[in-house]
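Inside the fold
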Amino acid sequence: MKELKIGMLQQHNTADIQHNIKRLAEGIEDLAKRGAQLIVLQELHNSLYFCQTEDVRKFDLAEPIPGLSTQFYGDLARQLGVVIVTSLFEKRAAGLYHNTAVVIEKNGTIAGKYRKMHIPDDPAYYEKFYFTPGDIGFRPIDTSVGRLGVLVCWDQWYPEAARLMALQGAEILIYPTAIGYDANDHEAEQQRQREAWTTVMRGHAVANGLPVVAVNRVGFEPTDPLCDTTDNNAEIQGIQFWGSSFVAGSQGELLHRASEKEEESFIVNIDLERSENVRRWWPFLRDRRIDEYKDITRRFID
């Protein structure tokens with residue numbers, strides 16, 4: 001049995017970036033003291049989710065990698081002896097920005113990074129305004145706790161992304177996330193969306209025989225009152241993030257599901273070697289018809 005203790009922080013963010021980071025640091029330290037070996041943070045965890053509106057001033061939030069945040073979380077990782085999955089707004093060059101997950105090794109160095117590949121553009125999620133699609137590809141990151149298939153939020157709806165990570169030896173799929181309810185949707189529709197979100201990732205666990213970790217934001221984040229309220233921004237009133245961070249085993253079984261409304265700090269133990277047995281019982285990789293999948297790279301088949 002190769003047991004891995006995974007710690008997760010489901011946090012409500014405010015406009016005070018330094019306060020958010022301070023609370024994250026306290027949470028990371030607490031999880032490390034409780035025995036976590038790998039700690040996963042939510043998407044764009046340092047600030048409010050700024051993509052609710054299109055505002056050129058928000059580019060000032062971006063930073064280089066390596067930079068101040070990777071140094072800060074690197075120091076924490078080294079002091080505590082843990083691996084940390086962070087999620088940062090990367091400034092690669094003037095006018096070129098990415099939504100980037102950075103994995104920090106327990107010695108404080110950068111083990112690797114992943115630039116979000118699938119970029120949404122929906123009301124309150126205007127990410128195409130801010131982020132260039134990733135160009136690193138779907139490549140797992142090797143760490144002292146295992147080979148991590150790190151993806152980000154909107155990537156979680158695409159089975160191709162999970163499968164490509166699995167085909168390159170990922171031992172676990174990880175999704176830092178920021179997703180919530182549209183206030184205009186009724187309760188039944190909101191719950192259908194939340195359950196669909198959970199279900200699709202549990203499906204990735206089943207189809208690939210791998211554990212899945214998803215860490216989401218929680219709580220209400222208002223639209224920036226200083227933002228221009230014209231065009232796309234006019235009807236945005238804030239997002240109620242639905243929390244519900246979870247860990248699923250390699251058969252899709254829920255090992256833990258966090259609150260829909262409250263902050264949570266929790267640890268889940270998973271057995272990375274169990275995937276070997278699951279793949280023997282359900283040999284999906286063996287039975288793939290790779291000779292017949294050429295059309296999967298087409299946008300649509302007329």
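Use the structure listed above.
This report concerns the structure included in the present document. (Residues numbered from 1 in each chain as written. Predicted model: local features only at pLDDT ≥ 70, side-chain atom pairs only at ≥ 80, totals over all residues. Heavy atoms only, no water.)

Let us look at the overall build of the protein chain. Of the regular secondary structure elements, the protein chain holds 5 helices and 15 strands. For a compact globule of 302 residues, the expected C-alpha radius of gyration is about 19 Å, and the protein chain comes in at 19 Å, within 12% of that figure. Dimensions along the principal axes, computed over C-alpha positions, put the protein chain at roughly 55 × 55 × 40 Å. Looking at the protein chain residue by residue over its 302 residues, the buried ones come to 50%. The contacts of the protein chain with a sequence gap of at least 6 include a subset with a gap of at least 24, amounting to 70%. Per element, the accessible surface of the protein chain, about 14,000 Å² overall, is 52% carbon and sulfur. (Helix = DSSP H or I, 4+ residues; strand = E, 2+ residues; numbered from the N terminus. Rg over C-alpha atoms; globule rule 2.2 N^0.38 Å. Buried < 20%, exposed > 50% of the residue type's maximum accessible area, 1.4 Å probe, protein only. Contact = heavy atoms within 4.5 Å. Areas by Shrake-Rupley, 256 points an atom, 1.4 Å probe, with all protein chains shown as cover.)

So, about the sheet that holds strand E14 (residues 254-257). If you walk across this open sheet you meet the 6 strands as E6-E7-E8-E10-E13-E14, and the pairing is mixed. In this open sheet, the two edge strands, each paired with only one partner strand, are strand E6 (141-143) and E14. Neighbour-to-neighbour, the strand axes of this sheet turn through a mean angle of 20°, independent of strand direction. Alignment of E6 against strand E7 (residues 146-150), held across 3 bridges, turns out to be antiparallel. Counterpart to aspartate 142 in the pairing with E7 is arginine 147. (Pairing = 2+ DSSP bridges. Axes fitted to C-alpha atoms, helices over the stretch in contact; angles between N-to-C directions.)

A few words now on empty space enclosed by the protein. Within the structure shown, the criterion is met by 1 cavity of 30 Å³ or more. Roughly 50 Å³ of volume is contained in the largest cavity. For the largest cavity, the full set of lining residues is Val206, Ala207, Asn208, Gly209, Val278, Arg279, Trp282, Phe284 and Leu285. If you list the elements that add at least two residues to the lining of the largest cavity, you get helix H4 (187-208) and helix H5 (274-281). No other element matches the 3 residues that H4 contributes to the lining of the largest cavity. Of the residues that constitute the lining of the largest cavity, the class distribution is 6 nonpolar, 2 polar and 1 charged. (1 Å grid on protein atoms, 1.4 Å probe; cavity = no way out; pocket = protein on both sides within 12 Å on 5 of 7 lines; lining within 4 Å. Points joined across faces, edges and corners; volume = space filled by probe spheres on them. Nonpolar A, V, L, I, M, F, W, Y, C, P; charged D, E, K, R; others polar.)

Turning our attention to a nonpolar patch on the surface. Taken together, the side chains of Leu164, Leu167 and Leu285 present a nonpolar region at the surface, about 220 Å² in accessible area. In this fold, leucine 164 is placed in helix H3 (residues 159-167). (Patch = residues over 30% accessible without salt bridge, like charges linked within 9 Å, V, L, I, M, F, W, Y side chains within 5 Å. Salt bridge = Lys/Arg side-chain N within 4 Å of Asp/Glu carboxyl O.)

What follows covers the packing of helix H1 (residues 17-33) against helix H2 (residues 68-80). Interhelical geometry of H1 versus H2 gives an angle of 20° and a closest axis separation of 10 Å. The angle between H1 and H2 places the two elements in the roughly parallel class. Seen from above, H1 lies across H2 with right-handed handedness. In contact with Ile21, Leu24, Ala25, Ile28, Glu29 and Ala32 of H1, H2 contributes Phe72, Tyr73, Leu76 and Leu80. (Parallel < 35°, antiparallel > 145°, perpendicular 65-115°, else oblique. Left-handed = near helix turned anticlockwise from the far one by under 90°.)

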